[in-house]
Amino acid sequence: MPMVVGVVAGVAVAAVAAVIGLFKLMWRVAEPNEALIISGSNHKTEGLEAGMGFRIVTGRGTLVLPGVQAVRKLSLDLNETELHVDCVTHQGIPLKVRGVVIFKVGDDFVSIANAGRRFLDQQKLMSERVHNVFAGHLRSIVGGLTVEDMIRDREKLTGQTRAACGTEMEKLGLIVDSLQIHEIEDPTGYIQNLAMPHAAAVQRDARIAQAEANRLATEAEQQSFARMAEATRDSEILQAGYQAERDKAAAKARQAGPLADAGARQEVVVQETRVAELEAHRREQQLQADVRKPADAKAYEKRTLAEAERDARISGAEAKARETELAAAAEATRVKTAAGAEAEATKARGAAMAASTRATGEAEAAAAQARGLAEAEAAKAKGLAEAEAIKARAAALAENQEAVVAQQLAENWPEIVKAGASAFGNVDNMVVLNGADGMADMFAKALTMGGTGLGLARQLLASMNQNGQHVNGTSLNGVAAPPAQKVPVQE
């Protein structure tokens, strides 16, 4: 019993596998870009004649009886063919037309049926057939057109070609997605010659436009240069004014010549600014002549060029004459300004020297007056001091005459001893008798001679008591006095 069940199960599995295999063998599915053409049975399809003997399937699956029905695939992909066609226009001018045709089998059953009848086994020859169709119609259409029509209205050529080929392409079961004419070659140069007048006119207009643009640009540049020169001039004038004000203030502070120098510098800056303006004007005229001349040479023929050169020479001569005139005027103005500045500077220097001399004299007078007052005060103070000293000495002598004499002797003792020793000044050789005793006696005598100064001092003191001023020819206050009368010294 179990064996029977196993056999039954095996048979069932085999039957199922056989059914599945048979189904796979019979089932066919059409891809989105292809159509299945099934022949071997009589089918009626919408839009097709009855009894055509084949069936068309797109985008779905279908059962096919092996051995009874045959299945073929027709591609619905895009195809393209290059057009290289030699044509002759209505004017008899040979041209070569280059383009491309993009086509495919139509999606409807009628187109698929027509294409299947014609290209099912020759799908690779489809591009060649289409090329031949379009080449023939393109030659026919170009033969009825002129070169100008083809150039100016290429869409017309494309439309006529598609319209002429439409019926035949429909019979073939094909539709044209795109037809483009890429290039029209002209081996004879007719198109190039046809374009030359227009190119010349365009070139002429371009040259005129360029000349006009150059003229406008030159005018704008000259105006810009003029504004730059004007701004520079204004800036320099302002700077010169500020510098003049600073120099003027400094000159007033110092009372010297920089004020005149600042004025002269200001005039120089003004003259330099005028010269710069004249130079800018000359450059403007020169640039206009240099730029206008090539523009006129490009815009006109020989007559205009000659007139432009003549105008340029005349403008150059006038500019040169104007430049010479302006340079002479500027030089005259500069000389006049320099003379005026020198006169002002001389005047200012004279005023400054006079002020300086006056100030110096006043300062010297004030100094002399101050010195005189100081010397007078010093003499007065000195006299008062001397009077006080004399008064003090007199008081001291009145109180202790011996002490004052002793002090005077002590202060003048070296001179006194020198005067005593002068007695031996003329002695070349001295013979001393009695040895050491004789020497002692001699020195005693010398001292005795020097001691006479004590008597002299006494006499001077007595004389001082009489006049209160002089002692031994010397004033008590240290001021030199007339020498006193000599007192004979006892031998």
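None of these values were measured; they are calculated from a predicted model.

Draft legend 1. Examining the packing of helix H3 (residues 126-143) against helix H5 (residues 154-171) more closely. At their nearest, the axes of H3 and H5 sit 9 Å apart, and the two run at 135° to each other. Comparing the axis directions of H3 and H5 gives the class oblique. At the point where H3 passes H5, the crossing takes the right-handed sense. Between H3 and H5, the contacting residues are Val130, Val133, Phe134, His137, Leu138, Ile141 and Val142 on the first element and Leu157, Gln160, Thr161, Ala164, Cys165, Glu168 and Met169 on the second. Taken together, the residues of the contact of H3 with H5 sort by class into ten nonpolar, three polar and one charged.

Draft legend 2. Up close: the sheet that holds strand S5 (residues 70-75). The strand order across the open sheet built from three strands is S3-S2-S5, with neighbouring strands paired in antiparallel fashion. Sheet topology places strand S3 (54-58) and S5 at the edges, where each strand pairs with a single neighbour. Neighbouring strand axes in the sheet, compared pairwise and without regard to direction, differ in orientation by 25° on average. With six bridges connecting them, strand S2 (residues 34-39) and S5 associate as antiparallel partners. Looking across to S5, one finds that Ile38 is bridged to Val71. Contacting S2, S3 and S5, helix H2 (residues 109-119) crosses the sheet at an angle of about 120° to S3.

Draft legend 3. Up close: H5. The first and last C-alpha atoms of H5 sit 27 Å apart over 18 residues, in line with the 26 Å expected at 1.5 Å per residue. The largest bend in H5 amounts to roughly 40° and is located at Cys165. For H5, every residue scored as buried is listed here: Leu157, Thr158, Thr161, Cys165 and Met169. Phi for Gly173, located one or two positions after H5, is positive at around 80°.

Draft legend 4. Spotlight on helix H6 (residues 190-254). With 65 residues, H6 should cover 96 Å at 1.5 Å per step; its first-to-last C-alpha distance of 93 Å lies within 8% of that length. Maximal helix bending in H6 amounts to about 35°, located at Met196; proline Pro197 follows within four positions.

Draft legend 5. Highlighting the nonpolar core. In terms of nonpolar packing, the biggest core is built from 40 residues, with Val101, Val105, Phe134, Met150, Leu157, Met169 and Leu174 touching the most fellow members. It is H3 that contributes the most residues to this core, eight residues altogether. Mapped onto the domain boundaries, this core takes at least three residues apiece from domain 1 (26-75) and domain 2 (76-188). Aside from chain neighbours lying at most four places away, what touches Leu174 is Phe103, Lys104, Val105, Gly106, Phe119, Met126, Val130 and Met169. Core analysis: the next-biggest nonpolar cluster, separate from the first, contains five residues, Ala30, Leu36, Ile38 and Val64 among them.

Draft legend 6. Region of the structure containing the pattern of salt bridges. The full count for this structure, using the stated rule, is 14 salt bridges. When the shortest N-O distance is used, the salt bridge between Arg233 and Asp234 registers 3.2 Å. Since its relative accessible area comes to 24%, Arg233 is described here as partly exposed. In this structure Asp234 comes out as partly exposed when scored by relative accessible area, which is 33%. Across the pair Asp311 and Arg310 runs a salt bridge whose closest N-O atoms are separated by 3.6 Å. For Asp311, a relative accessible area of 30% puts it in the partly exposed group. In this structure, a network of salt bridges that share partners links the residues Glu230, Arg233, Asp234 and Glu277.

The rules we used
Residues numbered from 1 in each chain as written. Predicted model: local features only at pLDDT ≥ 70, side-chain atom pairs only at ≥ 80, totals over all residues. Heavy atoms only, no water. Axes fitted to C-alpha atoms, helices over the stretch in contact; angles between N-to-C directions. Helix = DSSP H or I, 4+ residues; strand = E, 2+ residues; numbered from the N terminus. Parallel < 35°, antiparallel > 145°, perpendicular 65-115°, else oblique. Left-handed = near helix turned anticlockwise from the far one by under 90°. Contact = heavy atoms within 4.5 Å. Nonpolar A, V, L, I, M, F, W, Y, C, P; charged D, E, K, R; others polar. Pairing = 2+ DSSP bridges. Expected span 1.5 Å × (residues − 1). Bend = angle between axes of the 7 residues up to and from the residue. Buried < 20%, exposed > 50% of the residue type's maximum accessible area, 1.4 Å probe, protein only. Core = buried A, V, L, I, M, F, W, Y, C linked by side-chain atoms within 4.5 Å. Domains from an automatic or database assignment. Salt bridge = Lys/Arg side-chain N within 4 Å of Asp/Glu carboxyl O.

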